[in-house]
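What the coordinates show
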Amino acid sequence: MRHLEQLPPWAAIIIALCVAIGASMTLLGGLGVVRLKSFYQRLHAQTLAYSAGTLLTIIASMLMFSLLESRTVLHELIIGVFVIVTTPVTTLMLSRAALRRDRDAKLGHDEIVPPQRRAGPAKPDPASATPPIPAAAAPDRPDR
Amino acid sequence: MSAMILGFALVYAQFALILSLALACWRMLRGPRAQDRVLGLDTMYVNAMLLFLLVGMGNGNVFFFESALVIAVLGFVTTVCAAKFLMRGEVIE
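Not measured: the values here are computed from a predicted model. (Residues numbered from 1 in each chain as written. Chains lettered and ligands numbered in written order. Predicted model: local features only at pLDDT ≥ 70, side-chain atom pairs only at ≥ 80, totals over all residues.)

1. As for unusual backbone geometry
Residues and elements named next belong to chain A. Just so we agree on the cut-off: Only runs of H or I of at least four residues qualify as helices and only runs of E of at least two qualify as strands under DSSP, and these elements are numbered from the N terminus. Here a residue counts as buried when 20 or more other C-beta atoms sit within 10 Å of its C-beta, as exposed when there are 12 or fewer, and as partly exposed otherwise, the C-beta atoms being derived from the backbone.
Phi angles above zero are rare outside glycine, and Ser-70 is one such case at about 45 degrees. The residue Ser-70 is located in the loop between α2 (39-69) and α3 (76-104) in this model. Given 8 C-beta atoms within a 10 Å radius, Ser-70 is considered exposed.

So, in structure tokens, the structure goes:
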């Protein structure tokens, strides 16, 4: 870490803030990918890692290498532009594939969500003879 | 001074990214349906790309940037191919 000593302290503080906030945003996205209940909610959580994490890390990297080599180093912009261009493509294709698969499996788009999150503490009426829907009762089914 | 601040921030960021990578890997192994696995794999690609950028910053080496770019391109192609396979049943029609 010899090269890090050459940076002025204000630049070190800015770079450290950018790196720490970007990594925290990425960690939040990872937590959301694990914690959220349905696939369409998890798509949103993953976008946090794409946008905020990549943007802040790239800004920090550009600033650091520009100051170290005392010239403007902008080649990290390639990654930024590439991520900005390709993220909508992948998200759109993945969500369209998921929609088609859900439609083929006769699922609504929020039927993976466990029913106690939607319906609250409503108990099933014992008088009604309709059995509970097995698709909504089992959120963790084996792979289909 | 600046090396201490930056070293602490870089180590924290690398640990956070590794934890996020593990969480995405859990989603990829667990995920109830196939699109959840593709989503976890895509998140793993992004996290690995950011991790390579951070390692390059810690080493002061510009050449980690190329590997990060290669990982970004591979992640895009992988996710598009997997999504197309999920949608149509075949990749190249």
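2. Some thoughts on the nonpolar core
What counts is decided by this rule: One nonpolar core equals one set of buried Ala, Val, Leu, Ile, Met, Phe, Trp, Tyr and Cys residues connected by C-beta atoms within 7 Å. Residue pairs qualify as contacts under a 7 Å threshold applied to their C-beta atoms, which are placed from the backbone.
Grouped together as the largest cluster of nonpolar side chains are 53 residues, with contacts concentrated most on A:Val19, B:Met49 and B:Leu54. Among the secondary structure elements, those contributing two or more residues to this core are α1 (9-35), α2 and α3 of chain A together with α1 (2-30), α2 (34-59) and α3 (64-88) of chain B. Tallying contributions element by element places α2(B) first for this core, with 13 residues. Beyond its immediate stretch of four places on either side in the chain, B:Leu54 contacts A:Val19, A:Thr57, B:Leu10, B:Ala13, B:Gln14 and B:Leu17.

3. A look at the interface of chain A and chain B
By convention, interface size is frequently given as the accessible area that disappears when the constituent parts associate. Taken together, the contact pairs 56 residues of chain A with 47 residues of chain B. Elements supplying a minimum of two residues to the side of chain A that touches chain B: α1, α2 and α3 of chain A. For the side of chain A that touches chain B, the element with the highest residue contribution is α1(A), accounting for 16 residues.

4. Topic: the UniProt feature "transmembrane region" (unreviewed entry) in chain A
All names here are of chain A. Our working rule: UniProt positions are given in the numbering used here, feature names are shortened, and annotations may be inferred rather than shown by experiment.
The UniProt feature table records "transmembrane region" (unreviewed entry) at residues 12-36, 48-68 and 74-94. For residues 12-36, the end-to-end C-alpha separation is 35 Å, with 96% helix and 0% strand making up the annotated structure. For residues 48-68, the end-to-end C-alpha separation is 29 Å, with 100% helix and 0% strand making up the annotated structure.

5. Focus: the environment of B:Phe52
Residue and element names in this part refer to chain B. Relative to the helices and strands, Phe-52 resides in helix α2. A count of 20 C-beta atoms within 10 Å places Phe-52 in the buried class. Separated by 27 residues in sequence, Phe-52 and Thr-79 place their C-alpha atoms 19 Å apart. In this structure Phe-52 touches Phe-64, Ser-67, Ala-68 and Ile-71, once residues within four positions along its chain are discounted.

6. Digging into the environment of B:Phe64
Tracing the chain through its elements places B:Phe64 in helix α3. In contact with B:Phe64, not counting residues within four places along its chain, are B:Phe52, B:Leu53, B:Val55, B:Gly56 and B:Asn59.

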